[in-house]
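Listed here are the chains, written in short residue letters.
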Amino acid sequence: MNAESAAQPEEHEGITPDRLLHTAGAEVTAEDLALASGRDLTPENIEWARRRLAERGRAAVEEQLP
C-alpha cells in the first residue's frame with residue numbers, strides 16, 4: 001500500500017457510495033425524481049414529478065433513494 005492509496009478510502013465494487021445516494025447540495029429536477037421512482041421520462045411522469053417536488057421539495061427524491 002502506498003501513501004496515495006492510504007489517503008483515499010477504497011471504493012468497493014458493487015457498493016454505491018453515500019455521496020451518490022443523497023441529494024444534499026444538488027439541484028433536483030423533475031426528471032431526477034421520475035427516474036428515481038422507476039418511471040419513464042414521459043410528459044405525464046415529468047408533470048407528476050414537478051407536482052411532487054412542488055409539494056414535498058427535496059424530500060420527494062430522498063424518499064425514493066435507499
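Before reading further, recall that the structure is shown in the block above.
Remember, it's a predicted structure, so these values are computed and weren't measured experimentally. Residue indices follow the written sequence of each chain, beginning from 1 at its first position. Given that the model is predicted, a residue must reach a pLDDT of at least 70 before its local features are reported, and side-chain atom pairs must reach 80 or more before they are shown or counted; all residues, however, enter totals for whole chains, interfaces and linings. With hydrogens and water excluded, all non-hydrogen atoms of the structure serve as input to the side-chain values.

A few words now on helix H4 (residues 43-56). One turn of the α-helix equals 3.6 residues, which is why residues spaced by three or four share an orientation. Here a helix means four or more residues in a row that DSSP labels H or I, a strand means two or more in a row labelled E, and each is numbered from the N terminus. Take the number of residues in a helix, subtract one, and multiply by 1.5 Å to get its expected span. For H4, with 14 residues, the first-to-last C-alpha span of 20 Å sits near the 20 Å given by 1.5 Å per residue. Inspection of H4 places Asn45, Ile46, Trp48, Ala49 and Leu53 among the buried residues, and these make up the whole buried set. In an axial view of H4, the angular spread of the buried residues amounts to 155°, which keeps them on one side of the axis. Residues of H4 that are exposed and point more than 90 degrees away from the buried face comprise Pro43, Glu44, Ala54 and Glu55. Of the surrounding secondary structure, the elements contacted by the buried residues of H4 are helix H3 (30-36) and helix H5 (59-62). Positive phi shows up at glycine 57, right after H4, with a value of about 65°. Here's how the labels work: a residue is buried when its accessible area is under 20% of the maximum for its type, exposed when over 50%, partly exposed in between, all with a 1.4 Å probe on protein chains only. The arc in question is formed by the directions pointing from the helix axis toward the C-beta atoms. Between two residues, a contact is recorded if the distance between any of their heavy atoms is within 4.5 Å.

Any Lys or Arg side-chain nitrogen located within 4 Å of an Asp or Glu carboxyl oxygen qualifies as a salt bridge. Applying the stated rule across the entire model yields 3 salt bridges. We note a salt bridge from arginine 52 to glutamate 63, for which the minimum N-O separation is 3.0 Å. Remark: glutamate 63 occurs in the segment after H5 and arginine 52 occurs in helix H4; sequence separation between them is 11 residues. Here arginine 52 falls in the partly exposed class, since its relative accessible area comes to 25%. For glutamate 63, a relative accessible area of 38% gives the class partly exposed. Note that glutamate 63 is salt-bridged to arginine 56, the shortest N-O span being 1.9 Å. Since its relative accessible area comes to 42%, arginine 56 is described here as partly exposed. Overlapping salt bridges bring together Arg52, Arg56 and Glu63 as one network.

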